[in-house]
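Observations on chain architecture
Residues per chain, in single letters:
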Amino acid sequence: MNGKRVLVGVTGGIAAYKSVELVRLLRRAGAEVQVVVTRAATEFITPMTLQAISGRVVRQQLFDPVNEAAMGHIELARWADLVLVAPASADFMARLAAGMADDLLTTLSLATEAPLVLAPAMNRAMWRNPATRENVARLIRRGIRMWGPAVGDQACGEQGPGRMLEPAQLIDQVQRLLAGGLFSDVQLLITAGPTREAIDPVRFLSNRSSGKMGYALARSFAAQGALVTLVSGPVSLQEPPGINCVQVETALQMRAAVMERVAACNIFVACAAVADYRPLEVMARKIKKQAQRLRIELIRNPDILAEVAAMDVAPFTLGFAAETERPVEQAEQKRISKGVDAIAANLVAAAEGGFERDENALTLLWEGGRKQLPMMEKGLLADELVKQMAEIYAKKG
Ligand code: PMT
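Residues numbered from 1 in each chain as written. Predicted model: local features only at pLDDT ≥ 70, side-chain atom pairs only at ≥ 80, totals over all residues. Heavy atoms only, no water.

A few words now on unusual backbone geometry. A cis geometry characterises the amide bond from Ala 86 onward to Pro 87, with omega recorded as 0°. The residue Pro 87 is located in strand 3 (residues 82-88) in this model. Across the junction of Gly 148 and Pro 149, the peptide omega takes the value 5°, indicating a cis bond. Examined against the element boundaries, Pro 149 turns out to sit in the loop between strand 5 (145-146) and strand 6 (150-153). For Glu 356, which is not glycine, the phi torsion reads 70° and is therefore positive. Note that Glu 356 resides in the loop between strand 17 (342-347) and strand 18 (359-366). (Helix = DSSP H or I, 4+ residues; strand = E, 2+ residues; numbered from the N terminus.)

Next comes the structure, spelled out in C-alpha cells:
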C-alpha cells in the first residue's frame, strides 16, 4: 500500500474502537491515512486518539473556517485513492442512501470518485430491519462496496449479523482492492459440497459431492480480488485461507446461512449439491432393524438458488446443473425456470467428471451465449470459469 491514500471515515458505534487498530495497520502497510469522524463517532472515540495513530489532524467539521475556505471537503474527496467508512452505522448508511450531505463525511462521500467502501456495524435487528435492507440494496446498486458485516457475538449481548469485520480482514480487502483483479470490487457468496438430511440420530441422506469444484471456484474468485464467503456442506477439505467460511450440514441450514448474507453480495454462485428432499420426520432414536421393508417419507427442500434469483434486488446469479443426460438442454431449462443469469452444466455420470473426481468439464450458458470448457483439473477449470464470468458480469453491468 506504499503511498496509497486511504480516507478512513468513522461513524457512531461501539465498533469505533476497532478503527484505531485499522488505522494503525493501514499505516504499517505503508498507506497515508486521513481520518474523518462524524459527531456521533466522537461519543465513542476521541479525535485525539485517532490523530495520534494516523499522524494527521482528524477532520470533523463541514463548516470549518480554516479548511473550508479552500473547499476542504472537495480536496479530501479528490485526495483519497479509497474511502473506507468503518464502522458504518445504520444512520450513516441511511443518510448516504438518501443522497444527503449534512456533514463532512456524507458530503465527501458524495463528492469522491474514488472507490467507496462501507464496513457496517450495528445490532442484528437493525441490520435486518427492512429500512436498512433497502438502504444497503440502494447503496450496492450505486456501486458502493459493502464489506461485512460478520455474524457473531454483539456488544449488546445478542448474536447474529452486524459485527464489523476485524481490522485485519479489512486490511486484507483493501490490499486486494488496491492491487486490482477481475473481481476486486465484488463481494461473492458461494455454496459448495453436499447437504446431509437426517433420518435418525446416526443416519442421513446425502450425495457424492466432495466440495472440490466449489472450493476451487472460491479460491479462483478470491485470487481475482473478490471478497468471498463460502457456505459449505460437510466435506473433508481444508478451509481456504483468506476466505470467510461458514460450515453447515442441512439444506435448511444452508438456506439460512445464504439468506443471512446474500443482501450484501454482488454475485451468488450455487455450486452445492443441495438435497432436493429431506425426511419429513427425523426419528429421535436410532431406527431398529426389525421390519423387512421401511418407508421414509420425504418432503421438498427449498430451492436456494431460485429463491435468491427471485429476490427484489437479486445479485448476479451463477447456478450449476448436474445432469446424467442431455446436460446442455436440461441446464438451459433450469437457467430459465430458476431465473438465473448463468448456469454451468456438467455431466455427472460415473465415467465423466462432476462428483468427487479431480477433473471436470463444463458448458457455461447465459442469455445469448455459450462457452464449452473441456475436461481439466478443477482448479484450472475454476480459473477459466472465473475469466469467462468476468466478461458476462461486466456485460450485465
Ligand atoms: O463437489 P464436487 O465433488 O467437486 O462435484 C461438483 C458438483 C458436481 C457437485 C458441481 O459441479 C455441481 O454440479 N453442483 C450442482 C449440483 C446440483 O445440485 O445440481 P442440480 O441440477 O440438482 O441443481 C441446480 C442448481 O440449483 C445448483 O446450482 C444447486 O446448487 C441449486 N439448488 C438445488 C436444489 C436446492 N434445493 N437448492 C439449490 O440451490
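Below, the discussion takes up the site of the ligand. Lining the immediate environment of the ligand, one finds 27 residues, of which Ser 209, Ser 210, Ala 272, Lys 334 and Asn 346 sit closest. At 2.8 Å, a backbone N or O of Gly 211 approaches an oxygen atom of the ligand. At 2.9 Å, a backbone N or O of Met 213 approaches an oxygen atom of the ligand. Burial of the ligand by the surrounding chains reaches 96%, relative to a free accessible area of 780 Å². At 4 residues, the largest contribution of residues to the shell around the ligand is made by strand 16 (residues 316-323). Considering only residue class, the shell around the ligand consists of 13 nonpolar, 7 polar and 7 charged. (Near = heavy atom within 4 Å. Polar contact = N/O pair within 3.5 Å; in protein donor to acceptor, adjacent residues only side chain to side chain. Areas by Shrake-Rupley, 256 points an atom, 1.4 Å probe, with all protein chains shown as cover. Nonpolar A, V, L, I, M, F, W, Y, C, P; charged D, E, K, R; others polar.)

Right, let's get into the packing of helix 4 (residues 90-97) against helix 7 (residues 130-141). Working note: a packed helix pair is described by the angle between its axes plus the distance between those axes. Put simply, helix 4 and helix 7 touch, their axes get as near as 9 Å, and they point 55° apart. By the criterion of interaxial angle, the relationship of helix 4 to helix 7 is oblique. Crossing of helix 4 over helix 7 shows left-handed handedness. Contacts from Ala 90, Met 93, Ala 94, Leu 96 and Ala 97 in helix 4 reach Thr 132, Asn 135, Val 136, Arg 138 and Leu 139 in helix 7. Of the residues belonging to the contact of helix 4 with helix 7, the class tally is 7 nonpolar, 2 polar and 1 charged. (Axes fitted to C-alpha atoms, helices over the stretch in contact; angles between N-to-C directions. Parallel < 35°, antiparallel > 145°, perpendicular 65-115°, else oblique. Left-handed = near helix turned anticlockwise from the far one by under 90°. Contact = heavy atoms within 4.5 Å.)

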